[in-house]
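Here are the chains, one letter per residue:
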Amino acid sequence: MSGKSSVRGLPVEAMSEDEARRELARLAREIAAHDERYYQDDDPEISDAAYDALRARNEAIEARFPALVRADSPGRKVGAAPAGGFEKVRHAAPMLSLDNAFDDEDVREFDARIRRFLGLGAGDVVAMTAEPKIDGLSVSLRYKRGALVMAATRGDGIEGENVTANIRTIKEIPLEILDEEFPDPFEVRGEVFMGHAEFTALNAAQEQGGQKTFANPRNAAAGSLRQLDPAITATRPLRFFAYAWGEAGSLPATTQTGMCEAFKGWGFPVNPLLRRCERVDEMLDAYRDIARARAGLGYDIDGVVYKVDRLDWQQRLGFRSRSPRWAIAHKFPAERAVSILRDIEIQVGRTGALTPVAKLEPVTVGGVVVRNATLHNEDEIARKDLRIGDHVVVQRAGDVIPQIVEVLADRRPAGATPYRFPKTCPVCGSHAVREINPKTGKADVVRRCTGGLICSAQVVERLKHFVSRNAFDIEGLGTRQVELFHEKGVVRSPADIFHLAERIKAKGLAPLEEWEGFGEVSARNLFAAIDERRGVGLDRFIFALGIRHIGETTARLLARTYGSCDVFLSAMHESTDPQSAAHGELVAIDGIGEAAASALAEFFREPHNMAVVEELLQAVRPAPLEAADTQSPLAGKTLVFTGSLERMTRAEAKAKAESLGAKVSGSVSSKTDLVIAGPGAGSKRKKAESLGVRVISEDGWFDLITR
Ligand code: IVH
């Protein structure tokens, strides 16, 4: 990528026609690439401010050379075309974007422009609404006769993606509106987003599960909404604010404020900070008030949106190519501060990826102390020519992971030398290489340690992934315990977990209950929790293997497709031969891409991986996955089994419960919905009774599941 320096370059006023033509072509390419990363991959590479600057430059050149405006001009497009995976839907009315205002002057000019357009004088009142600009993603919710029939993302503004099943999992969005007066059809538009607390919790869980964490709440919301499996979306706490509408059989009001009142009446959340202003100064006051409230809102906003209140005026003002004339977004400046780069730390991930992290002199950015910043990869460091000791401008983009936006080269200490990215793994010393993509012939941006299982960082990360929440989910065995057991030499491979007591003994160590931090009870509970997971679901088993490109959803797809572990493994074994029928079947699965198929082949071709799997299968028997039944009375419930079961094994009971959409937990709390107590049940049963949680016998359980 030609990347971040692109706003620099020849001043627009000094350009010849030829230079302008070339620059417009370059900008069109570059903006399209950024759009794709933002809209399709949920993984923007540059800050919003840098992106806005690119668009502004494009616009300035087009304004000076109108004859050169390209057919694919970024000014004519909104976002990117939808990604594969979801059905495409054409919006009944296009979903547009907003123009930006960056300072008070721009807002005054907006007001003046509207007055000119409508032929109003300075004395006329042009009331406008002011409300936060939510940093999420916009969706259109289509209702027919009051029922939600379709929900679509914005996509390129003309065509979006059908995310109805996922939207239905958002509790704040009404599925049915019982008001007789509700227009038919009616499309409610608004923003889906994730709050800060929910985002932090999700990332912690993702990290624990060895899964990709999200750079900011916006990406987390987008990633959650674009899950192919709505069951996953349902676990993600998404929220919604309504602020606009699309196709409408009729309108319940004549003003923007009236429309928002109607939304509220129908049960849609409307931002409480929305207010009506009669003069520009009031709008600017609202902007400052909202800016002050920003840090305490608990969700990201990136500006204030002003809209002409009278709908007849909105109608008259109409639209330009990609935005309405009656609305504008007054953006907040990105929060920045200067700090000093003290060091660059290289972290080694589960797949061996070496990720550089900037260690900064602590600095407060927008009320939060920043010590670390992401540096992405080695090219990024080289592009910025970052050197230890440099003064750097730090920005909190989307208010979450800080980034270094600029190096203040004029404040560079004498003798600072360019950073040399290690060519060996800092943990195990193995070569670290950038793989060449066979298709493009280009080196991967990520440098990876080639040490595999001899690299203790990779081993530990893989073990953490193995026991994580969406994999084996062993209660009492988290990040800390994995590190401890690894350090003591007790657990080196996943199978060791299932022979924990023997491994401890073999190492000549004291029994677990005598270790610091483990009492008799917690040691016993841990062994029980491990035993309980010997019958883990096949989907979790596959996910736990930590194969590249095989996330939770793909693992579930594989488990559903192959049914049993034996069938899965023999198919995988066979499909390492690209000519085999098994390989053909694998790539034919809807949802298995080229990357996943070749990662599977690579994994199962490797003898030591097969050895790990075989060793593991001596100790665990993955249970086949049954289709989850969301209609069942157990869907969404949390169950605890205690005591002994006589009619089925624990593992079977658990798999059955999960197939009926329930979650099985090892301990009773106020969140428990039902306890199934067999003979010998003790403390868990008592606790359930004291909490008023319903307790049933195994026979009662049988009745429930065979209904
Ligand atoms: S009004 C026709 N109001 O900002 C214009 N948009 O940059 C309809 N957004 O696509 C949009 N908060 O995703 C509007 N209070 C708000 C908003 C808002 C966030 C987003 C929306 C829009 C984008 C434009």
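Bear in mind the structure is a predicted one, so any value in this text is a computation, not a measurement.

Attention now moves to the nonpolar core. Counting residues in each nonpolar core, the largest one holds 57 residues, and the members touching the most others are Ile 474, Phe 485, Phe 498, Phe 541, Leu 558 and Phe 604. By residue number, the principal contributor to this core is helix α21 (residues 594-605), which donates six residues. The residues contacting Phe 541, other than those within four sequence positions of it, are Phe 472, Val 536, Cys 565, Val 613, Leu 616, Leu 617, Val 620 and Pro 622.

Another aspect to go through is the packing of aromatic side chains. Scanning all chains against the criterion turns up 25 aromatic pairs. Seen in terms of ring centroids, Phe 193 and Phe 241 are 5.2 Å apart; in terms of plane orientation they differ by 15 degrees. Their pairing is stacked. Residue Phe 193 is located in strand β7 (residues 186-194), and its partner Phe 241 is located in strand β8 (residues 238-248); the two are separated by 48 residues in the primary sequence. In this pair, the class of Phe 193 matches that of Phe 241, namely buried. For the pair Phe 568 and Phe 604, a centre-to-centre distance of 5.9 Å together with 80 degrees between the ring planes defines the contact as edge-to-face. You can see Phe 568 sitting in helix α19 (residues 565-575) and its partner Phe 604 sitting in helix α21, a full 36 residues away along the chain. Note on Phe 568: relative accessible area 0%, which makes it buried. Following the ring pairs from residue to residue traces out a cluster consisting of Tyr 143, Phe 182, Phe 186, Trp 245, Phe 263, Trp 266 and Phe 268.

What surrounds the ligand is a group of 14 residues, the closest being Ile 134, Arg 154, Glu 191, Tyr 243 and Lys 307. Measuring from an oxygen atom of the ligand, one finds a side-chain N or O atom of Tyr 243 at 3.4 Å. Contact distances for the ligand include 3.0 Å between a nitrogen atom and a side-chain N or O atom of Lys 307. Computed on the free molecule, the ligand has an accessible area of 530 Å², of which 90% lies beneath the protein chains in the complex. Mapped by element, the contributors of at least two residues to the shell around the ligand are β3 (128-134) and β10 (301-308). The element best represented in the shell around the ligand is β3, accounting for four residues. Looking at the shell around the ligand, its residues break down into seven nonpolar, two polar and five charged.

Turning to its location among the elements, Thr 153 is positioned in strand β5 (residues 147-153). Setting aside chain neighbours within four positions, we find Thr 153 in contact with His 91, Met 95, Ser 138, Val 139, Gly 160, Glu 161, Val 163 and Leu 225.

Applying the stated criterion across every chain, the model contains 44 salt bridges. A salt bridge links Arg 113 to Glu 109; the nearest nitrogen and oxygen atoms lie 4.0 Å apart. With Arg 113 and Glu 109 both in helix α3 (residues 104-118) and four residues apart, the pair spans about one turn of that helix. Judged by its relative accessible area of 32%, Arg 113 is partly exposed. Look at the salt bridges and you will find they share partners, linking Glu 23, Arg 26, Glu 30 and Arg 57 into a network.

Moving on to the sheet that holds strand β22 (residues 694-696). One open sheet holds the four strands; their spatial order is β20-β19-β21-β22, and the pairing between them is parallel. The outermost strands of the open sheet, each flanked by one partner alone, are β20 (663-665) and β22. Across the sheet, the axes of successive neighbouring strands diverge by a mean angle of 30 degrees, strand direction being ignored. Inspection of the sheet shows strand β19 (residues 638-642) paired to strand β21 (residues 674-677) by four bridges, in the parallel sense. Its bridge partner being in β21, Leu 639 is matched across the sheet by Leu 674. With respect to the sheet, helix α24 (residues 683-691) is in contact with β19, β21 and β22, its orientation differing from that of β22 by roughly 140 degrees.

Let us look at the confidence of the model for the chain. When pLDDT is averaged along the chain, the result is 89, and 95% of the positions lie at 70 or above. In this model residues 1-5 is a low-confidence stretch, pLDDT under 50, and it forms 11 contacts with partners more than four residues away in sequence or in other chains.

This next bit is on the pairing of strand β11 (residues 327-331). The buried fraction of β11 is high, at five of five residues. In this structure, strand β2 (residues 100-101) lies alongside β11, joined through two bridges in parallel fashion. Bridge pairing in β11 places Ala 101 opposite His 330. Of the pairings in the sheet, the one linking β10 to β11 comprises five bridges and is antiparallel in character. Its bridge partner lying in β11, Val 304 is registered against His 330.

Residue placement: Thr 554 occurs in helix α18 (residues 552-562). Take Thr 554: its relative accessible area is 15%, and that puts it in the buried class. Ignoring sequence-local partners within four residues, the contact set of Thr 554 consists of His 549 and Ile 592.

Our next topic: the sheet that holds β8. Across the sheet, which stays open at both edges, the four strands sit in the order β5-β4-β7-β8 with antiparallel pairing between neighbours. Two strands close off the open sheet at either side, each with one partner strand: β5 and β8. Along the sheet, successive strands turn relative to each other by an average axial angle of 30 degrees, direction set aside. One ladder, built from six bridges, connects strand β4 (residues 137-144) with β5; its direction is antiparallel. Bridging across to β5, Lys 144 finds its partner in Ala 147. In this fold helix α6 (residues 217-225) packs onto β4, β5, β7 and β8, with an angle of close to 125 degrees to the strand it touches most, β7.

To continue, consider the packing of helix α12 (residues 456-467) against helix α13 (residues 479-487). What describes two packed helices is the angle between their axes and the distance between those same axes. It is at 9 Å that the axes of α12 and α13 come closest, and there the two elements cross at 135 degrees. With respect to α13, the element α12 is oriented oblique. The interaxial crossing formed by α12 with α13 has right-handed handedness. Taking contact as the criterion, the partners of Ser 456, Val 459, Val 460, Leu 463, Lys 464 and Val 467 in α12 are, on α13, Thr 479, Val 482, Glu 483 and His 486. A class-by-class count of the residues in the contact of α12 with α13 yields five nonpolar, three polar and two charged.

Attention now goes to the state of the cysteines. This structure, assessed with the given rule, holds zero disulfides. Left without a disulfide partner, Cys 425 is nearest to the cysteine sulfur of Cys 449, which lies 3.7 Å away. According to the relative accessible area criterion, Cys 425 is buried, its value standing at 3%.

Rules and cut-offs
Residues numbered from 1 in each chain as written. Predicted model: local features only at pLDDT ≥ 70, side-chain atom pairs only at ≥ 80, totals over all residues. Heavy atoms only, no water. Core = buried A, V, L, I, M, F, W, Y, C linked by side-chain atoms within 4.5 Å. Buried < 20%, exposed > 50% of the residue type's maximum accessible area, 1.4 Å probe, protein only. Helix = DSSP H or I, 4+ residues; strand = E, 2+ residues; numbered from the N terminus. Contact = heavy atoms within 4.5 Å. Phe/Tyr/Trp six-rings, centres within 6.5 Å; stacked < 30°, edge-to-face > 60°. Near = heavy atom within 4 Å. Polar contact = N/O pair within 3.5 Å; in protein donor to acceptor, adjacent residues only side chain to side chain. Areas by Shrake-Rupley, 256 points an atom, 1.4 Å probe, with all protein chains shown as cover. Nonpolar A, V, L, I, M, F, W, Y, C, P; charged D, E, K, R; others polar. Salt bridge = Lys/Arg side-chain N within 4 Å of Asp/Glu carboxyl O. Pairing = 2+ DSSP bridges. Axes fitted to C-alpha atoms, helices over the stretch in contact; angles between N-to-C directions. pLDDT = per-residue confidence, 0-100. Parallel < 35°, antiparallel > 145°, perpendicular 65-115°, else oblique. Left-handed = near helix turned anticlockwise from the far one by under 90°. Disulfide = S-S within 2.5 Å.

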